[in-house]
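Geometric and topological summary
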Amino acid sequence: MVRANGAVSLRELARVVQTSEVTVRRDVRALEAEGLLDRRHGGAVLPGGFTRESGFPQKSHLATAEKTAIADLAAGFVDEGEAIVVGAGTTTQELARRLARVPGLTVVTNSLLVAQALAHANRVEVVMTGGTLRGSNYALVGSGAEQSLQGLRVSRAFLSGSGLTAERGLSTSNMLSASVDRALVQAAGEVVVLADHTKLGSDTMFQTVPTDVITRLVTDEPPGHDDRAATELQALADQGVQIAVASGPGAGQGPDRTGGPDGAVGERRASRRDVPLPGQRRNLPPGNGGSPLRPAPSLAEGPGGRIADLAPRRR
């Protein structure tokens, strides 16, 4: 499976061979010791996978349930009549399918797949960048794409990538894709990263969004045994990133996180947007008209997922 797809998650391997993830993880370690594959957070890739980028057909079959849950939750952060940018990727493609129902929306994108998902949405305007087509992920890249974004200003950008760490932020394996993603970020007042738990703790060649520029991360709940992902989430929260955790079918099961000492759970209405970390003093980027965010005391729960406010650990 790894040779055919370039990468595979432990969960998918366990499902195919009908065994537990614990057994799969042990076998993956043995195969790595023989040099047959490289372990990555939540899965495995072919040797040398640090610089290798899987194509769209391979990525589209990885963590599909998690991507669906993330897209459902991320769509709730988009308002009617808003102007946003949506980057290339299989998770952002899932998001675009849900944005087709948001009236008055303007979506700027360099992704043919995102544009296709919105092509028949009669109340959504799609603006595509120029550029050169990368067939591996159906994205427009290069100087043409970057120049078309100059002078653009939108409320927020929704991006995904190949890896996410608290130390470097979001990264990708391709230089041209990274350059366009950085241009998309420059056009947005806020940056929302969509990344399933298998990407947490993974680091790839080209940085696209530094951690201090990421406003919010939308992810799924890491499995209970995945200490690395949980640690990375806490480290991102410690640096001021708002963490939105999607729950639902396919989302990993892990320890519950609450935002207050009593673990209170409140209702989340679709109109609610900013749920900052307790004690956080994070200023919004220019252009969104906001003031510094105020602490939120509890976990908020609602349709499509929940917002987990991870409090910075005391030093």
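The following refers to the structure shown. Keep in mind the model is a prediction, meaning the values are calculated, not measured.

The rules behind each value
Residues numbered from 1 in each chain as written. Predicted model: local features only at pLDDT ≥ 70, side-chain atom pairs only at ≥ 80, totals over all residues. Heavy atoms only, no water. Helix = DSSP H or I, 4+ residues; strand = E, 2+ residues; numbered from the N terminus. Expected span 1.5 Å × (residues − 1). Buried < 20%, exposed > 50% of the residue type's maximum accessible area, 1.4 Å probe, protein only. Patch = residues over 30% accessible without salt bridge, like charges linked within 9 Å, V, L, I, M, F, W, Y side chains within 5 Å. Areas by Shrake-Rupley, 256 points an atom, 1.4 Å probe, with all protein chains shown as cover. Salt bridge = Lys/Arg side-chain N within 4 Å of Asp/Glu carboxyl O. Core = buried A, V, L, I, M, F, W, Y, C linked by side-chain atoms within 4.5 Å. Contact = heavy atoms within 4.5 Å. Phe/Tyr/Trp six-rings, centres within 6.5 Å; stacked < 30°, edge-to-face > 60°. Lys NZ or Arg CZ within 6 Å of the ring centre and 35° of its normal. Pairing = 2+ DSSP bridges. Axes fitted to C-alpha atoms, helices over the stretch in contact; angles between N-to-C directions. Polar contact = N/O pair within 3.5 Å; in protein donor to acceptor, adjacent residues only side chain to side chain.

1. Things to note about helix α10 (residues 227–238)
Spanning twelve residues, α10 covers 16 Å between terminal C-alpha atoms, matching the ideal 16 Å at 1.5 Å per step. Residues of α10 that are buried: Ala-229, Glu-232, Leu-233, Gln-234, Leu-236 and Ala-237. Just downstream of α10, Gly-240 is the residue with a positive phi angle, here 95°.

2. Describing a nonpolar patch on the surface
A contiguous nonpolar patch, built from Leu-112, Met-128, Leu-133 and Tyr-138 and spanning about 330 Å² of accessible area, is present on the exposed surface. With respect to the helices and strands, the residue Leu-133 is situated in strand β7 (residues 132–134). Accessibility expressed as a relative area gives 47% for Leu-133, which makes it partly exposed.

3. What about the nonpolar core?
Counting 30 residues, the largest nonpolar core has Leu-164, Val-193, Leu-200, Val-209, Leu-217, Leu-236 and Ile-243 as the members making the most contacts within it. Broken down by secondary-structure element, the contributors of at least two residues to this core are β9 (154–159), α9 (175–186), β12 (188–194), α10 and β15 (242–246). The contacts of Leu-236, once residues within four sequence positions are left out, are Leu-164, Thr-165, Ala-166, Leu-200, Thr-211, Leu-217, Val-241 and Ile-243. One finds Val-78, Leu-95, Val-114 and Phe-158 within the second-largest nonpolar core, a separate group that totals 26 residues.

4. Quick notes on the packing of aromatic side chains
Counted by the stated rule, this structure contains zero aromatic pairs. The ring of Phe-77 carries the charged tip of Arg-216 above its face, separated from the ring centre by 4.2 Å.

5. Quick look at the sheet that holds strand β10 (residues 163–165)
Spatially, the three strands line up as an open sheet ordered β10-β11-β13, and their pairing is antiparallel. Unpaired on one side and paired on the other, β10 and β13 (206–209) mark the two borders of the sheet. Across this sheet, the average inter-strand angle for adjacent strands is 40°, counted without regard to direction. Across three bridges, strand β11 (residues 169–172) lies against β13 in antiparallel orientation. Within β13, the residue paired with Leu-170 across the bridge is Val-209. Seen against the sheet, α9 touches β11 and β13 and runs at an angle of roughly 20° to β13.

6. Thoughts on the environment of Phe-77
Within the secondary structure layout, Phe-77 lies in the loop between α5 (64–75) and β4 (83–86). Here the alpha-carbon distance between Phe-77 and Arg-156, two residues 79 residues apart in the chain, equals 9.7 Å.

7. As for the environment of Glu-232
Relative to the elements of secondary structure, Glu-232 occurs in helix α10. Among the residues examined, Glu-232 registers a relative accessible area of 14% and is labelled buried. Separated by 31 residues in the primary sequence, Glu-232 and Gly-201 place their C-alpha atoms 6.1 Å from one another. Apart from residues lying up to four places away in sequence, Glu-232 is in contact with Leu-164, Thr-165, Ala-166, Glu-167, Leu-200 and Gly-201.

8. Focus: the side chain of Arg-98
Here Arg-98 shows up in helix α6 (residues 90–99). Side-chain polar atoms of Arg-98 contact the side chain of Asp-72, separated by 2.4 Å. Aside from chain neighbours lying at most four places away, what touches Arg-98 is Thr-68, Ala-71, Asp-72 and Ala-75.

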